[in-house]
Amino acid sequence: MTDWQAVAAALQAPIPPGDRASVIAPLEKLERDFRPLKENIPLDTPLWAGPIESGPVSPE
Amino acid sequence: MTIAEIGRALRERKISVVELTRETMRRIAGASGLNAFITVTEEAALARAEELDRELARGADRGPLHGIPIAHKDAFYTRGVRTTAGTKILESFIPSEDADLVARFGDAGTVMTGKTNLHEMCYGITSNNPHYGAVHNPWDVDRIPGGSSGGSGAVLAADLVPLATGTDTGGSIRIPAAYCGVVGLKPTFGHWSCRGVVPLAFTLDHMGVMTRTVRDAAIAFGQPRPSGRGFGIKDLRAGVPENFFFDRLDPEVAASVRRAVQTAAALGARVTEIRLPDPNALNTVARLIQLAEAATVWRRYQDRRQDFGPDVFALLQQGLVIPATDYLDAQRVRTLLARDFLKVWESVDCLLAPVTAITAPRIGEMTVKIDGSEEDVRLASTRLTRPFNVLGWPALALPCGLSNGGLPIGLQIVAPPHREKILFQLGSALEDALGFDSTI
């Protein structure tokens, strides 16, 4: 799990002790939810560029 | 009154635009306890009304919105009129030009009555604004109207104006529509320009409108006016999600939406259950993207902590530390999910689902109980709307019933990109058949 407090300090956006519960806990949950989604992104996957109206460009 | 009714009265000379505007302003003043407006523009509205009356008198009719009172969410730039976005940071901001959508409705002949209150920076769903006060729900003034376009929802529910603008990043038009018993239209992503609107999340923000009826939403959208009962929905393939969208619902919400689905079937729609790929993944991606994009917008003010509400500041702090690679990966996962979800349209023409899992919570309530389990109010309000911001699909919220406690319940119709006409077809047919009484 990422050390979000260390990241925040490195980015010069320190998280005050009183804010840890409202900031760190949601980030940890988001990281847990997002990790499995990003693990197997095909190399050539582009960024989203608007609503898609036709099928996939190429079969994955 | 609806846009259609007012339009008839104006053209039959039963009322002038000035008389209509004066009456609207009288009603707005009488409903000041709702705190739905941040700014009321009475003087400018009356001057504009006189101009529009002169036009009508010489036969220059701008169309169905000529003379119609409109309220703009206070995130839309309005030339010469303060635009706060509900934040203290912009408390003195007076734009030098109108937002594109404000200009569009102005050209169509609307009369701006004022700027509506909202959740701070459009970043939340309660509209309990720490700087401009809480907006009250006209159905029960101890309850929130939803948000972030809460003031727009409240002015429609109180029948102060027939048309209001809104923005929807995770449900901010549809949620107040549901909690206030009115109609909310979030068109396809990018249909209406976001130029001149204070942003929240660049790739999730949708510009839209709120009205009292589906037909009025169609008029505001610029669709041909429907005639008779509905646009005709026989054989329209309506999909009801069998996963996610009916999980963890207030039983009264579930029952009311199920009744609306049965009504759609009785009207001739071919209703089928459909399994959707993974709506929860869409919500995860949305959270990450929104946190990062919103932090980008507001990071320059991070040293003015005292000028933010605590809920918004916590979200900005979260967004500031998200790595760029995670943000970009979220946009790539979004592409993959969008491809998966596209398959939905092979078997159905639209989706029917609840707007929110609950009815309007009380002001200040942070959690709600659903079937015995506690859930965060924000999540219970947004988890069914947010997926369609990620996909950019058009969605329409309309009232489908009342709870036993007398609170509105919202139904959501979702269509493929740029197929808003389907929303109006099914929405107007259901509106007629369900006969929701919006009188408070």
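Model, not experiment: these values are computed from the prediction.

Undergrad: How should I be thinking about the interface of chain A and chain B in this particular structure?
TA: Size of an interface, as often reported, equals the accessible area lost when the parts are brought together. Listed per partner, the contact involves 34 residues of chain A and 37 residues of chain B. Carbon and sulfur atoms make up 69% of the surface buried where chain A meets chain B, a total of about 3100 Å² over both sides. At the boundary of chain A and chain B, one finds 3 salt bridges. The shortest N-O distance in the salt bridge between R287 of chain B and D33 of chain A comes to 3.4 Å. Along the contact surface separating chain A from chain B lie 11 residue pairs in polar contact (both at pLDDT 80 or more).

Undergrad: For this particular structure, what's the right way to read the pairing of strand β9 (residues 237–241) of chain B?
TA: Residues in a regular strand point their side chains to alternate faces of the sheet. Most of β9 of chain B is tucked away, with 4 of its 5 residues classed as buried. In this fold, the crossover linking β9 of chain B to strand β10 (residues 270–274) of chain B by way of helix α8 (residues 251–266) of chain B has right-handed handedness.

Undergrad: I keep staring at the packing of aromatic side chains and nothing clicks. Help me out?
TA: Two measures describe an aromatic ring pair: the distance that separates the ring centres and the angle between the ring planes. Residues and elements named next belong to chain B. Taken as a whole, this structure holds 13 aromatic pairs over all chains when the rule is applied. Where F105 meets W192, the ring centres are 5.9 Å apart and the plane angle is 70°; that geometry is what we call edge-to-face. Of this pair, F105 sits in helix α4 (residues 100–107) while W192 sits in the loop between β7 (183–186) and β8 (206–211), and the two are 87 residues apart along the sequence. In this structure F105 comes out as buried when scored by relative accessible area, which is 1%. Note that R258 overlies the ring of F246, its terminal NZ or CZ placed 3.9 Å from the centroid.

Undergrad: Can you help me understand the sheet that holds β7 of chain B in this one?
TA: Strand pairing in a sheet relies on backbone hydrogen bonds. The paired strands run either parallel or antiparallel. All names here are of chain B. The mixed open sheet is built from 11 strands, whose spatial order is β1-β3-β2-β6-β8-β7-β14-β15-β11-β9-β10. Every interior strand has two partners, whereas the edge strands, β1 (37–40) and β10, have only one. Averaged over all adjacent pairs, the angle separating strand axes in this sheet is 30°, with direction ignored. As judged from the 5 bridges shared by strand β2 (residues 69–73) and strand β3 (residues 111–116), these two strands associate in the parallel manner.

Undergrad: Sorry, what's going on with α8 of chain B here?
TA: Helical periodicity: at 3.6 residues per turn, an α-helix aligns residues three or four positions apart in one direction. Residue and element names in this part refer to chain B. An ideal rise of 1.5 Å per residue puts 22 Å on 16 residues; α8 measures up with 22 Å between its terminal C-alpha atoms. Regarding α8, the residues found buried are V253, A254, S256, V257, A260, V261, T263 and A264. Check the buried side of α8 and you find it contacts β9, β10, β11 (350–354), β14 (395–402), β15 (408–414) and α15 (420–434). For α8, the N-terminal cap is D250; the gap from its side-chain oxygen to the backbone nitrogen of E252 is 2.8 Å. Two residues or fewer after α8 comes G268, characterised by a positive phi angle close to 115°.

Undergrad: What should I look at first to understand the packing of helix α2 (residues 20–38) of chain A against helix α9 (residues 279–298) of chain B in this one?
TA: Packed helix pairs are specified by the crossing angle of their axes together with the interaxial distance, meaning the distance between the axes. Between α2 of chain A and α9 of chain B, whose axes approach to 10 Å, the crossing angle comes to 120°. When the axis of α2 of chain A is compared with that of α9 of chain B, the two are oblique. Handedness of the crossing formed by α2 of chain A with α9 of chain B: left-handed. Contacts between α2 of chain A and α9 of chain B involve K29, L30, D33, F34 and L37 of chain A from the first element and A281, T284, V285, R287, L288 and L291 of chain B from the second. A class-by-class count of the residues in the contact of α2 of chain A with α9 of chain B yields 7 nonpolar, 1 polar and 3 charged.

Undergrad: Is there a simple way to explain the side chain of T84 of chain B in this structure?
TA: All names here are of chain B. With respect to the element layout, T84 can be found in the loop between β2 and α4. Within the local environment of T84, its side chain forms a polar contact with the backbone nitrogen of G86, the two atoms lying 2.9 Å apart. The contacts of T84, once residues within four sequence positions are left out, are I38, D74, L90, E91 and Y132.

Undergrad: Explanation requested: the side chain of R332 of chain B in the structure shown.
TA: Note on placement: R332 of chain B falls in helix α11 (residues 324–342). The class of R332 of chain B is buried, set by a relative accessible area of 16%. Ignoring sequence-local partners within four residues, the contact set of R332 of chain B consists of I41, P42, L43, T45, P46 and L47 of chain A.

Undergrad: Any chance you could explain α4 of chain B here in plain terms?
TA: Residue and element names in this part refer to chain B. Of all the positions in α4, only L101, V102 and F105 are classed as buried. Mapping the buried residues of α4 onto a view down its axis gives an arc of 105°, with all of them on the same face. In this fold, the buried residues of α4 make contact with β2, β6 (163–168), β8 and α7 (214–221).

Undergrad: Help me understand unusual backbone geometry, please; the structure alone is not making it clear to me.
TA: Peptide bonds are, in most cases, trans, and in most cases residues other than glycine have a negative phi. Residue and element names in this part refer to chain B. Residue S148 is reached from G147 by a cis peptide bond, and omega for that bond is 15°. Following the sequence through the fold, S148 ends up in the loop between β5 (133–134) and α5 (150–157). One non-glycine residue, D235, lies in positive phi territory at about 70°. Judged by relative accessible area, which is 40%, D235 ranks as partly exposed. Phi is positive for F244, which is not a glycine, with a value near 70°. For F244, the position within the fold is in the loop between β9 and α8. With a relative accessible area of 12%, F244 lands in the buried category.

Undergrad: Hey, could you run me through the state of the cysteines in this one?
TA: A covalent bond bridging the sulfur atoms of two cysteines is what the word disulfide describes. Residue and element names in this part refer to chain B. Within this structure, the stated rule accounts for 0 disulfides over all chains. Cysteine C180 remains unbridged, with the sulfur of C400 as its closest cysteine sulfur at 15 Å. Taking relative accessible area as the criterion, C180 reaches 0% and is therefore assigned buried. Summary of cysteine pairing: C194 is not part of a disulfide, and the nearest cysteine sulfur, belonging to C122, is at 12 Å. Given the relative accessible area of 43%, C194 is considered partly exposed.

Rules of the game
Residues numbered from 1 in each chain as written. Chains lettered and ligands numbered in written order. Predicted model: local features only at pLDDT ≥ 70, side-chain atom pairs only at ≥ 80, totals over all residues. Heavy atoms only, no water. Contact = heavy atoms within 4.5 Å. Buried area = accessible area lost by both parts, 1.4 Å probe. Salt bridge = Lys/Arg side-chain N within 4 Å of Asp/Glu carboxyl O. Polar contact = N/O pair within 3.5 Å; in protein donor to acceptor, adjacent residues only side chain to side chain. Buried < 20%, exposed > 50% of the residue type's maximum accessible area, 1.4 Å probe, protein only. Helix = DSSP H or I, 4+ residues; strand = E, 2+ residues; numbered from the N terminus. Right-handed = clockwise from strand over helix to strand, strands pointing away. Phe/Tyr/Trp six-rings, centres within 6.5 Å; stacked < 30°, edge-to-face > 60°. Lys NZ or Arg CZ within 6 Å of the ring centre and 35° of its normal. Pairing = 2+ DSSP bridges. Axes fitted to C-alpha atoms, helices over the stretch in contact; angles between N-to-C directions. Expected span 1.5 Å × (residues − 1). Parallel < 35°, antiparallel > 145°, perpendicular 65-115°, else oblique. Left-handed = near helix turned anticlockwise from the far one by under 90°. Nonpolar A, V, L, I, M, F, W, Y, C, P; charged D, E, K, R; others polar. Arc of directions from axis to C-beta. Disulfide = S-S within 2.5 Å.

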